[in-house]
Amino acid sequence: MASVTYEHVYKRFGEVTAVNDLSIKVEDREFLVLVGPSGCGKSTALRLLAGLEEITDGTIYIGDRVVNDVAPKDRDIAMVFQSYALYPHMSVYDNMAFGLKLRKTPKDEIKRRVEEAAEILGIPHLLDRKPRQLSGGQRQRVAVGRAIVREPKVFLFDEPLSNLDAKLRVETRANISRLHQRLQTTFIYVTHDQVEAMTMASRIAVMNQGILQQIDTPQNLYDLPDNIFVAGFIGSPAMNFFNASIRKDDGKLYVDGGAFSVKVPEERIPTYEAYVGKPVVFGIRPEDIHDPNFAPPGIDPQPVEANVDVTELMGNEIFVYLNSGDHNYVARFDPRTSIRMGNNVQVAFNMANMHIFDRDTERAVR
């Protein structure tokens, strides 16, 4: 087992900086997920750790060992790629054993490791089959098994669920989480899917344009995003943002969006008082906009007039697309709502969960 440390790591491809001053400490046995949009540098950061790309500047440690100039095969890591990369002419057993055979591992040890990994992954009955006889989910488990048999210090996963259908993605997510609990090894996992990140990680590192935006637990990223990018990336549907200003009236503060004005909770007044009269970005999540008839108890509801553009019934909830003046936004309603497309309605913003961002720096005001 080992920790992993990125210390001021850069990777440049000509004029393009793919990874920009990345510093992260991944604790021993932690499940860290690197998440961000395509091209944000997350896969490059993983490949730098694996030794598949050369570092431009900075230092990477596995445990206490600097691995900048260590060959990939000597880093004691195992990697699972988006592509299964199985040998089609070999059985599942031989695919899983291949790396151990190259290392001249004794046959009895290979047999023990392969059978143990197959048991963990629930595929002992597949060991004699060829890859073409397997489903996509089974092939992915074989690829994971090939990594497990190496008994590495660190497991690296590069978007391993991208080729699976929706049902298999959910099932395999749970399998990988169980695998981490069972193996008690350091996992570093790359994905662009924030749902994967939220459901699997002990901590999430959010990246954009090669820069680490924030690293924290899934719940803290959701509740306390550091900036507009993180706030909009974490959560589905994404947080709604409104260009607004802070107005003071009779000792109270209001978020003035032009088409609506909502009162700031009293406990937030000291935080936002410095922004009175200044332009800000007001953020509120779809799940904090309610049909007043079904608003949960204990919230701070503020009324907003809106027109309903579109509704999407999801079974257990309804996504309601609204507009107030020039503002378009989405709400997540209780499915019992009677609100329908074309209605003029009053909705309730739960201001207890509001967010304010500085419009110039895009940083959260806290």
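For every chain, the first residue of the written sequence is number 1, and numbering continues from 1 onward in sequence order. Local features in this predicted model are restricted to residues of pLDDT 70 or higher, and side-chain atom pairs are both shown and tallied only at a pLDDT of 80 or more, whereas totals for entire chains, interfaces and linings draw on every residue. Hydrogen atoms and water are omitted, and side-chain values are computed over all heavy atoms in the structure.

### Section: the overall build of the protein chain
Tallying secondary structure elements over the protein chain gives 9 helices and 20 strands in all. With respect to the three principal axes, the spread of C-alpha positions in the protein chain is 80 × 45 × 35 Å. Any two residues whose heavy atoms approach within 4.5 Å are treated as being in contact. Considering only contacts within the protein chain whose residues lie at least 6 apart along the sequence, 66% involve residues at least 24 apart. Total accessible area computed for the protein chain in this model is approximately 17200 Å², and 46% of it derives from carbon and sulfur atoms. By the counting rule applied here, Lys and Arg register as positive and Asp and Glu as negative, while His and the ends of each chain are not counted. To locate a charge, take atom NZ for lysine, CZ for arginine, CG for aspartate or CD for glutamate. Averaging the locations of the 43 positively and 49 negatively charged side chains of the protein chain gives two centres separated by 9 Å. Helix numbering and strand numbering both begin at the N terminus, where a helix is a DSSP run of H or I of at least 4 residues and a strand a DSSP run of E of at least 2. Per-residue accessibility takes into account occlusion by the displayed protein chains alone, with areas from the Shrake-Rupley method and a 1.4 Å probe.

### Describing the sheet that holds strand 11 (residues 240-249)
The pairing of strands in a sheet happens through backbone hydrogen bonds and is either parallel or antiparallel. Two strands are counted as paired when DSSP detects at least two bridges linking them. Pairing is antiparallel across the open sheet formed by 5 strands, whose spatial order is 13-12-11-14-20. The open sheet has two edge strands with one neighbour each: strand 13 (261-263) and strand 20 (355-358). Adjacent strand axes in the sheet meet at a mean angle of 40 degrees, parallel and antiparallel pairs treated alike. The pairing of strand 11 with strand 12 (residues 252-256) spans 5 bridges and is antiparallel. Each residue of the ladder has a partner; that of S245, found in strand 12, is D256. Geometry is summarised by axes, namely lines fitted to C-alpha atoms with helices restricted to the contacting stretch, and by angles between N-to-C directions that run from 0 to 180 degrees.

### Considering the pairing of strand 14 (residues 279-284)
Each residue is placed in one exposure class: buried if its accessible area under a 1.4 Å probe, protein chains only, is under 20% of its type's maximum, exposed if it is over 50%, and partly exposed if it falls in between. For strand 14, the tally of buried residues reaches 5 of 6 residues, placing the bulk of the element in the interior. Direction of pairing for strand 11 relative to strand 14: antiparallel, over a ladder of 6 bridges. Following the sheet pairing, S245 is matched in strand 14 by P279. As defined by bridge partners, strand 14 adjoins strand 20 across 4 bridges and the pair is classed as antiparallel. Looking at strand 20, one finds that V280 is bridged to D358.

### Thoughts on the sheet that holds strand 17 (residues 318-324)
Taken in spatial order, the 5 strands line up as 15-19-16-17-18 in an open sheet, and their pairing is antiparallel. The strands lining the two open edges of the sheet, one partner per strand, are strand 15 (289-290) and strand 18 (327-333). In this structure, strand 17 lies alongside strand 18, joined through 7 bridges in antiparallel fashion. Note on strand 18: the bridge partner recorded for N323 is N328.

### Side note on the packing of helix 2 (residues 92-102) against helix 3 (residues 107-121)
In contact at an axis separation of 10 Å, helix 2 and helix 3 are set at 135 degrees when each is read in the N-to-C sense. Taken as axis vectors, helix 2 and helix 3 run oblique relative to one another. For the element pair helix 2 and helix 3, the recorded crossing hand is right-handed. Residues Y93, M96, A97, L100 and K101 of helix 2 form the contact with helix 3, whose own contacting residues are I110, K111, R113, V114, A117 and A118. Ten residues, namely Ala, Val, Leu, Ile, Met, Phe, Trp, Tyr, Cys and Pro, are considered nonpolar, four, namely Asp, Glu, Lys and Arg, are considered charged, and the remaining ones, Gly among them, are considered polar. A breakdown of the residues in the contact of helix 2 with helix 3 according to their chemical character gives 8 nonpolar, no polar and 3 charged. Orientation categories follow fixed angle ranges, with anything under 35 degrees roughly parallel, anything over 145 roughly antiparallel, 65 to 115 roughly perpendicular, and all other angles oblique. In this scheme, a crossing is called left-handed if the near helix is turned counterclockwise away from the far one by less than a right angle; it is called right-handed if the turn is clockwise.

### So, unusual backbone geometry
The amide bond that connects S236 to the next residue, P237, takes the cis arrangement and shows omega of -5 degrees. By the secondary structure assignment, P237 is in the loop between helix 8 (228-233) and strand 11. Residues other than glycine seldom take positive phi values, yet D250 does so here, at roughly 55 degrees. When you line up the elements, D250 lands in the loop between strand 11 and strand 12. Using a relative accessible area of 74% as the deciding quantity, one classes D250 as exposed. Positioned with a positive phi, E362 is a non-glycine residue whose angle comes to about 65 degrees.

### Overview of a nonpolar patch on the surface
Excluding any residue in a salt bridge, patches collect residues exceeding 30% relative accessible area, merging like charges within 9 Å and nonpolar Val, Leu, Ile, Met, Phe, Trp and Tyr side chains within 5 Å. A pair is scored as a salt bridge if a Lys or Arg side-chain nitrogen falls within 4 Å of a carboxyl oxygen belonging to Asp or Glu. On the surface, V310, Y321 and M341 cluster together to form a nonpolar patch covering roughly 270 Å² of accessible area. Mapped onto the fold, V310 is located in strand 16 (residues 301-313). Its relative accessible area of 36% is what places V310 among the partly exposed residues.

### As for the side chain of K11
Residue position: K11 is located in strand 1 (residues 4-13). It is E53 that comes nearest to the buried, bridge-free K11 among opposite-charge side chains, at 4.3 Å. From its side chain, K11 meets the backbone oxygen of E54 in a polar contact 2.8 Å long. In this structure, K11 is in contact with V16, T17, A18, V19, T44, L48, E53, E54 and T56, ignoring residues within four places of it in sequence. Throughout this description, a polar contact denotes any pair of N or O atoms lying within 3.5 Å of each other; where both atoms belong to protein, one of them has to be capable of donating a hydrogen while the other can accept it, and for residues adjacent in sequence the pair is counted only when both atoms sit in side chains.

### Looking at the nonpolar core
Most often, soluble globular proteins have nonpolar side chains that are buried together. The biggest cluster of nonpolar side chains holds 45 residues, and the ones touching the most others in it are M96, I148, F155, F187 and Y189. Those residues in contact with M96 that lie beyond four places of it in its chain are V114, A117, A118, I123, L127, V142, G145, R146 and V149. The set of buried Ala, Val, Leu, Ile, Met, Phe, Trp, Tyr and Cys residues whose side-chain atoms join them within 4.5 Å is what this entry labels a nonpolar core.

### What to know about the pattern of salt bridges
Scanning the model with the defined rule gives 19 salt bridges in all. With its nearest N and O atoms 2.8 Å apart, the salt bridge here joins E115 to K111. Taken together, the positions of E115 and K111, both in helix 3 and 4 residues apart, correspond to about one turn of that helix. Given a relative accessible area of 36%, E115 falls into the partly exposed group. Of the charged contacts in the structure, one is a salt bridge between R247 and D249, with a shortest N-O distance of 3.7 Å. Here R247 falls in the partly exposed class, since its relative accessible area comes to 29%. Under the relative-accessibility criterion, D249 is labelled partly exposed at 39%. A single salt-bridge network, built from bridges that share partners, covers E109, R112, R113, E116 and E151.

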